[in-house]
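Summary of structural features
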Amino acid sequence: MSASSRMWPIFWIPVIIFSSILAAQTPAQSLGPRIRYTVSLKDQVHHCLLVKIEIPAGSDTHDLQLPVWNATYQVRDFSQFVNWVHAKSPSGQPLHVSLVDKSRWRISDAKDGANVEYEIVANESGPFGAELNQHHAFFNLAEVLMYPVDARNNSMLVRYIDVPAGWRAATALPGDFTFGFTAKNYDTLVDSPIELGTFQETGFDEGGSHYRIIVDADSEEINLASIGSMLSRIVGAETKWMNDHPFDTYVFLYHLPHESAGGGGMEHAFSTAITLSAPSLSNNPGLLADVSAHEFFHLWNVKRIRPQSLEPIDYTRENYTNALWFSEGFTSTVASYALLQAGFMDEPRFLTRLSATITALEQMPAYSTQSAEESSLDAWLEKYSYYRSPERSISYYDKGELIGVILDLQLREATHGAKSLRDLFQYMNQTYAKQGRFFDDSEGVRLAAETISGADFKTFFEKYVAGTEEIPWNQFFRTVGLQLAQVHTQVPDAGFSVTRNFNEYPMVSAVASDSEAEHAGLAVGDEILEVNGQPASRDLARRIAQMAPGDTLHIKIRNRQGERKLQWKLASFEREELQLQDLDTVMPAQKSRRAAWLKGEDEIGTVKP
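The paragraphs below set out a description of the structure included in this document. Residue numbering note: each chain is counted from 1, following its sequence as written. Restriction of local features to residues with pLDDT of at least 70 applies here, the model being predicted, together with a cutoff of 80 or more for giving and counting side-chain atom pairs; totals for whole chains, interfaces and linings are based on all residues. Think of the side-chain values as coming from all heavy atoms in the structure, minus any hydrogens and water.

Focus on the overall build of the protein chain
The condition is simple: The helix and strand labels rest on DSSP assignments: H or I over at least four residues marks a helix, E over at least two residues marks a strand, and numbering proceeds from the N terminus. It is over C-alpha atoms that the radius of gyration is taken, and the globule rule equals 2.2 Å times the number of residues to the power 0.38. Exposure is judged per residue with a 1.4 Å probe applied to protein chains only, and the accessible area is read against the type maximum: over 50% gives exposed, under 20% gives buried, and values in between give partly exposed. Contact criterion: two residues are considered in contact whenever any of their non-hydrogen atoms come within 4.5 Å of each other. For the purpose of counting charges, residues Lys and Arg are taken to be positive, whereas Asp and Glu are taken to be negative. His and the chain ends are not included. Lysine's charge is taken at NZ, arginine's at CZ, aspartate's at CG and glutamate's at CD.
On a plain count of helices and strands, the protein chain comes out with 15 helices and 28 strands. Scaling as 2.2 N^0.38, a compact globule of 609 residues should have a C-alpha radius of gyration of about 25 Å, and the protein chain matches this with 25 Å. Over its C-alpha atoms, taken along the principal directions, the protein chain stretches across nearly 85 × 60 × 45 Å. Taking all 609 residues of the protein chain together, the buried fraction comes to 58%. For the protein chain, the proportion of contacts with a sequence separation of at least 24, taken over those separated by at least 6, is 71%. Distance between charge centroids for the protein chain: 2 Å, based on 53 positive and 77 negative side chains.

What about the pattern of salt bridges?
How we decide: In the sections that follow, a salt bridge refers to a side-chain nitrogen of Lys or Arg positioned within 4 Å of a carboxyl oxygen of Asp or Glu.
Counted under the stated rule, the structure contains 23 salt bridges. For Glu201, the salt bridge is made with Arg212, and the minimal N-O distance between the two is 2.7 Å. Taken together, the residues Glu201 in strand β16 (residues 200–206) and Arg212 in strand β17 (residues 209–217) connect sequence positions eleven residues apart. Here Arg353 ties to Asp290 by a salt bridge, and the two come within 3.3 Å at their closest N and O atoms. Here Arg353, found in helix α6 (residues 347–362), pairs with Asp290, found in helix α4 (residues 287–297); they are 63 residues apart in sequence, far enough to count as distant. Relative accessible area serves as the criterion here: at 23%, Arg353 is assigned to the partly exposed category.

Here's the deal with the sheet that holds strand β8 (residues 130–132)
What counts here: Should DSSP find at least two bridges between two strands, the strands are regarded as paired. Axes here mean lines fitted to C-alpha atoms, for a helix over just the part in contact, with angles spanning 0 to 180 degrees between N-to-C directions.
Read across the open sheet, the four strands follow the order β8-β9-β15-β12; overall the sheet is antiparallel. Of all the strands in the sheet, just β8 and β12 (168–171) have a single pairing partner and so form its edges. If you compare each strand with its neighbour and ignore which way they point, the axes differ by 15 degrees on average. Of the strand pairs in this sheet, β12 and strand β15 (residues 194–197) are connected by four bridges, and their pairing is antiparallel. By the bridge assignment for β15, Ala169 is matched with Leu196.

Looking at the packing of aromatic side chains
The line we're drawing: Put simply, two rings from Phe, Tyr or Trp (the six-membered ring, in Trp's case) pair if the centres are within 6.5 Å, and we call them stacked under 30 degrees between planes, edge-to-face over 60, tilted for the rest. A positively charged side chain is recorded as over a ring if its NZ (Lys) or CZ (Arg) lies within 6 Å of the ring centre. The angle to the ring normal must also be within 35 degrees.
Using the criterion set out here, one finds 43 aromatic pairs in the structure. Their ring planes at 65 degrees and their centres at 5.0 Å tell us that Tyr250 and Phe252 sit as a pair that is edge-to-face. Judged by its relative accessible area of 0%, Tyr250 falls in the buried class. Consider the rings of Phe460 and Phe476, whose centres lie 6.0 Å apart with planes at 85 degrees: the pair is edge-to-face. Of this pair, Phe460 sits in helix α11 (residues 458–464) while Phe476 sits in helix α12 (residues 473–477), and the two are 16 residues apart along the sequence. The pair Phe460 / Phe476 is uniform in exposure class, with both members buried. Cation over ring: Arg152 sits above Tyr147, and NZ or CZ is 6.0 Å from the ring centre. The lysine or arginine in question, Arg233, covers the ring of Phe344, its NZ or CZ lying 4.0 Å from the ring centre.

Following this line, the structure appears as structure tokens:
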């Protein structure tokens, strides 16, 4: 079959591996009296939180808003979990509560203040959710705490009560169980997730900053020292690359369960939350470092170096931006550089991964129809399975990462090795983040590149960022003595493709006609629960790719008829892949440029300040 009509091998667009953005780096100053929350953890069995909000005297009416989205670019309507809302005056008289829309409530006759109480279910696990059970609690607070619309910039205080004996708290917010946890306003509050439970903890100091490592795991065999050593190397590489430590304390929150339908990481200004299952880590030992490096760099890119289109945050509807190719994709670029420079992979491994990303992008039909900017704007469609198909969309992570690489190479070429992507980020950090300003989306990135290089990048951005022109890879890679070569390999063919949303099991999106998968009974829409006896997770494609043609694949699926097990033998097909290889003749200048590129140094080998 032709590339446009053949059945695609198993893969998915990484819509959730590193996810979306919420909260500005320079929130508005606190205004007005403090808003006080009390959150009861008493009903762990039913996953119910009892939330109380004390609203001070002021307006006769107050609107309370529960965000419709948080942590991922998906409207998830957290109000679906609100069981009831009541309000009383400070003297105890009932106040009228009316529903304004699906996520907003109006409290009337409240000029003397109001005490609002509501019950909300928290039973969504993972770094993008809110969860309360008998084991622990983890909250992305925008998913459970309403805010007074007229007091969003007031200071906030949250107290947790009915906390089980022995539980502790880990969050970037200052405070404790006795006095509560405080934030200068609602945006800061909800950009600070909290873990409550009997977690393990370690930490380290680097560059004048302290790093807390919180681990909630099903197994007691977690090697905290190994995790600490890994993070120390990543932190060292990335803070050196940026020449910056914009915090006193940073918190890594890890959830490492035996089983998890979802997984990935979520960035915050002073912390990150990461969930990866034990089977995922066992099958891919480098996964924890990969995700951690990406999420940690987000503390600059998107949390502080932030596009104007995401400000101010709109909790009531989609926040559209055309710059996710930069905010997410370039974060992947730098994370890969950091892993290379920290010694987690060598040059051949780095080039192999880069080649695989190029191959994956080139094999998507939508590569020629959807631009990086359009992919960013369409991020809100990622909850729909068809949108995630390769015929419909590309990944702004993948294309953005590759644009980051070729822009780095082009900056070096335009300045004879004097400037690079590192200079661009340091310029944007100084010009925007440290000045409390936001950059003008794609145009802002282009202007930054032109400012540091003195070169014209208008055509580059028109073709590869706003447009869908095919990227002439060799034009960029030859500057470092490399070229893309086509190779043909025999790989196992499972006969189906999958897509996957952030907290769901992989879902079958296509089944090859007359394939062994079809004969075994696999159908579009089936959820894959297990693969070869292990829970299906984000590394499904990797696990199948490690098998050989002729091996028997065992899966458990779920559909409207219930759960059942299927098995069939893997077929094979010849796949065309792209591999970065040395030019036939690599000149000394190209060797020098490549060494500088991979080390993040200038052309003469001096580490940039």
